[in-house]
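An overview of the molecular structure
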Amino acid sequence: QLQLVESGGGLVQSGGSLRLSCAASGNIDSITAMGWFRQAPGKQRELVASITRGGDSTNYADSVKGRFTISRDNAKNTLSLQMNSLKPEDTAVYYCNADVRVKGTYVFSHYWGQGTQVTVSS
């Protein structure tokens, strides 16, 4: 059973920082792109940041550029999101996403974590 488990969410004041982590476990053969998405109440899920397997290419939503940093550790199958200078509009459920090839298969599939709540108070 392949799982993505997020951690690190919580309540923080405006201007504060949080670090989200995502750990992938299970019968993993390979992981390519990974990313963080978020969904605020009443809004669609949106891409926050993504990173290629080698970490050589990252992509950020305009709203978080310069404040958030995505990184990964391929040896541990983990993904992180360092969030600085948080704003109330960053409040959302944050989801980890990964393109994973399960051992014994030949295709990559999208997997999602269960989400972690981030709340930024003003």
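Presented here is a report on the structure given in the accompanying data block. This structure is a prediction, so every number in the text was calculated from the model and none was measured.

Considering the overall build of the protein
In terms of regular secondary structure, the protein is built from zero helices and 11 strands. Of the regular secondary structure in the protein, the N- to C-terminal order runs β-β-β-β-β-β-β-β-β-β-β. In terms of overall size, the protein behaves like a compact globule, its C-alpha atoms giving a radius of gyration of 14 Å where 122 residues would be expected to give roughly 14 Å. Expressed as lengths along the three principal axes of its C-alpha atoms, the size of the protein is roughly 50 × 25 × 25 Å. By residue count, 39% of the 122 residues in the protein fall in the buried class. Taking as baseline every contact in the protein between residues at least 6 positions apart, the subset at least 24 positions apart corresponds to 56%. Surface accessibility of the protein: about 6500 Å² in total, with carbon and sulfur atoms responsible for 46%. Counting 12 positive and 9 negative side-chain charges, the protein places the centres of these two groups 2 Å from one another.

Quick word on the environment of N84
Among the structural elements, N84 can be located in the loop between β8 (78-83) and β9 (92-102). Overall, the relative accessible area of 29% leaves N84 in the partly exposed class. Considering only alpha carbons, one finds N84 and A98, 14 residues apart in sequence, at a separation of 23 Å. With near-sequence residues (within four places) excluded, N84 lies in contact with G16, S17, R67 and F68. For N84, the side chain forms a polar contact with the side chain of S17, separated by 2.9 Å.

Considering unusual backbone geometry
The phi angle at N77 is positive, at roughly 55 degrees, despite the residue not being glycine. The residue N77 is located in the loop between β7 (68-73) and β8 in this model. Residue class for N77 comes out partly exposed when judged on its relative accessible area of 24%. Even without glycine at this site, S85 takes up a positive phi of about 50 degrees.

Structural notes on the side chain of E6
Structurally, E6 is set in strand β1 (residues 3-7). Among the polar contacts listed, one links the side chain of E6 to the backbone nitrogen of G115, at a separation of 2.9 Å. Each residue touching E6, except ones within four places of it in the same chain, is listed here: S21, C22, W36, Y94, Y95, C96, G113, Q114, G115 and T116.

Notes on the pairing of strand β10 (residues 109-112)
Across four bridges, β9 lies against β10 in antiparallel orientation. Across the sheet, the residue bridging to N97 is W112, located in β10. Here β9 hands over to β10 after six residues, with G104 in that stretch at a positive phi of 90 degrees.

Cut-offs and rules
Residues numbered from 1 in each chain as written. Predicted model: local features only at pLDDT ≥ 70, side-chain atom pairs only at ≥ 80, totals over all residues. Heavy atoms only, no water. Helix = DSSP H or I, 4+ residues; strand = E, 2+ residues; numbered from the N terminus. Rg over C-alpha atoms; globule rule 2.2 N^0.38 Å. Buried < 20%, exposed > 50% of the residue type's maximum accessible area, 1.4 Å probe, protein only. Contact = heavy atoms within 4.5 Å. Areas by Shrake-Rupley, 256 points an atom, 1.4 Å probe, with all protein chains shown as cover. Lys, Arg positive; Asp, Glu negative; His and termini not counted. Charge placed at Lys NZ, Arg CZ, Asp CG, Glu CD. Polar contact = N/O pair within 3.5 Å; in protein donor to acceptor, adjacent residues only side chain to side chain. Pairing = 2+ DSSP bridges.

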